[in-house]
Amino acid sequence: MSVRMTPSPTGLFITLEGIDGSGKSTQAQLLAEGLRAMGYDVVRTREPGGSPGAEEIRSLVLEGPPDRWSAESELLLFTAARRDHLEKTIRPALAQGKVVICDRFADSTRIYQGITRADLRNTVDALHDLMIGQEPDLTYVIDIAPEQGLARAQGRQAGEQRFEDFGLAMQAKMRAGFLALACEFSQRCHVIEGNRPPSQVAAELLNIARAHLSRFGPLAPIDAAKGPA
Ligand code: ADP
Ligand code: TYD
């Protein structure tokens, strides 16, 4: 039995994807600032996390030794976190006509649990259809060399090292995976050269978002009396 959610009729759902250290968080913040300056109501969020329950799952899945969870257990944890995030944060914001900018989403699961940690892409897709059923309107895949991503990510010294401990070969496999995914979902994905000053990358992201917003018209909240368009 499917619990597929209906597509969001309003708002704009933007995601940023790419290997660790590619600059997603930096660009999510700059994009949020740029769109707010244009007058848009923006919610900036991230995965895993983005709602109180999902943030608790984040700690479970990102801390500890690399072999703490199997790829299958990880997939279930990331999916549970995503479902909560959708219910509590993303869909309510989209229903109010907001722009949601999310640092990682289902494409990360397609790559990390689907091809690099294990060969689980079919299971990832089946679970996504069953429990999530939401794709972004617009996805930026920020592309950088694996060595560069690893050096940047390791420079951060955060406590969430579990995935960064997987090393360079894994980063290279993920980069190739993200580029292939951008071809697979070419309608919504834009590959962005990340090896440039942050302000240059940010300008390109904002231009693409602006073009998308002008093509699809102004965002408007659902009229509660009339229901979704
Ligand atoms: P991600 O969210 O993809 O892991 P971050 O935005 O956290 O990446 O960036 C990782 C590190 O690299 C941070 O220290 C950040 O300041 C730095 N950084 C981000 N973008 C750039 C860039 N375009 N050039 C150089 N350093 C960058
Ligand atoms: P994140 O905090 O975005 O890491 P970074 O800033 O280094 O890019 O994400 C944490 C890690 O979680 C990252 O290595 C990718 C991994 N991840 C998955 O394996 N599956 C998923 O579905 C998601 C959303 C993230």
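Position numbers for residues count from 1 along each chain, tracking the sequence in the order it is written. Ligands are numbered from 1 and chains lettered from A, in the order in which they are written. Reporting of local features is limited, given that this is a predicted model, to residues whose pLDDT is at least 70; pairs of side-chain atoms are given and counted only at 80 or more, and all residues count toward the totals for whole chains, interfaces and linings. Note that water and hydrogens are dropped before the side-chain values are worked out from all heavy atoms of the structure.

Q: I keep staring at the overall build of the chain and nothing clicks. Help me out?
A: Helix and strand definitions here come from DSSP, where helices need a minimum of 4 consecutive H or I residues and strands a minimum of 2 consecutive E residues; each element is numbered from the N-terminal end. Across its full length, the chain holds eight helices and five strands. Going from the N terminus to the C terminus, the chain shows its helices and strands as β-α-β-α-α-β-α-α-β-α-α-β-α. Each residue is placed in one exposure class: buried if its accessible area under a 1.4 Å probe, protein chains only, is under 20% of its type's maximum, exposed if it is over 50%, and partly exposed if it falls in between. Burial analysis of the chain (229 residues in total) assigns 49% to the buried set. Methods summary: accessible areas were calculated by the Shrake-Rupley approach with a probe of 1.4 Å, and residue burial reflects only the protein chains presented. Surface summary for the chain: the accessible area is close to 10700 Å², and the carbon and sulfur share equals 55%.

Q: Looking at this structure, how should I read the nonpolar core?
A: As a rule of thumb, soluble globular proteins bury nonpolar side chains together. What makes a nonpolar core is a set of buried Ala, Val, Leu, Ile, Met, Phe, Trp, Tyr and Cys residues whose side-chain atoms join them at distances within 4.5 Å. Counting 20 residues, the largest nonpolar core has Ile14, Leu31, Leu35, Ile101 and Tyr140 as its most contacted members. Contributions of two or more residues to this core are made by β1 (12-17), α1 (24-37), β3 (99-103), β4 (138-143) and α8 (198-216). Looking at which element gives the most residues to this core, the answer is α8, with six residues. By definition, residues are in contact when any of their heavy atoms lie within 4.5 Å. The residues touching Tyr140, leaving out its near neighbours within four places in the chain, are Ile14, Thr15, Leu16, Glu17, Leu31, His190, Ile192, Leu205, Ile208 and Ala209. In terms of nonpolar packing, the next biggest core, distinct from the first, is built from 11 residues, Tyr112, Leu181, Ala182 and Cys189 among them.

Q: Can you help me understand the environment of Leu35 in this one?
A: Along the chain, the position of Leu35 falls in helix α1. The contacts of Leu35, once residues within four sequence positions are left out, are Ile14, Tyr40, Val42, Val99, Ile101, Leu206, Ala209 and Leu213.

Q: Sorry, what's going on with the pattern of salt bridges here?
A: Where charged atoms from two side chains of opposite charge approach closely, those side chains can pair. We define a salt bridge as a side-chain nitrogen of Lys or Arg found within 4 Å of a carboxyl oxygen belonging to Asp or Glu. Scanning the model with the defined rule gives 15 salt bridges in all. Across the salt bridge formed by Arg82 and Glu47, the nearest N and O atoms sit 2.6 Å from each other. Of this pair, Arg82 sits in helix α3 (residues 71-95) while Glu47 sits in the loop between β2 (42-46) and α2 (52-62), and the two are 35 residues apart along the sequence. The buried category is assigned to Arg82, whose relative accessible area is 5%. Among the salt bridges present, the one from Glu204 reaches Arg196, with a minimum N-O distance of 2.6 Å. Among the residues examined, Glu204 registers a relative accessible area of 29% and is labelled partly exposed. What makes Arg196 partly exposed here is its relative accessible area of 26%.

Q: Whenever I open this one, the sheet that holds β1 confuses me. Can you help?
A: Note: strands within a sheet are paired through backbone hydrogen bonds, in either parallel or antiparallel orientation. Strand pairing requires that DSSP identify at least two bridges connecting the strands. Taken in spatial order, the five strands line up as β2-β3-β1-β4-β5 in an open sheet, and their pairing is parallel. The two strands at the open ends of the sheet, each matched to only one other strand, are β2 and β5 (189-193). On average, adjacent strands in this sheet sit at an angle of 20° to one another, irrespective of strand direction. Pairing geometry for β2 and β3, over five bridges, is parallel. Paired with Arg44 across the strands is Ile101, a residue of β3. The axes used here are C-alpha line fits, helices contributing only the stretch in contact, and every angle between their N-to-C directions lies in the interval 0 to 180 degrees. Across the sheet, α1 lies against β1, β2, β3 and β4, angled at about 170° from β2, the strand it touches most.

Function cannot be read off these values alone, since they describe shape.
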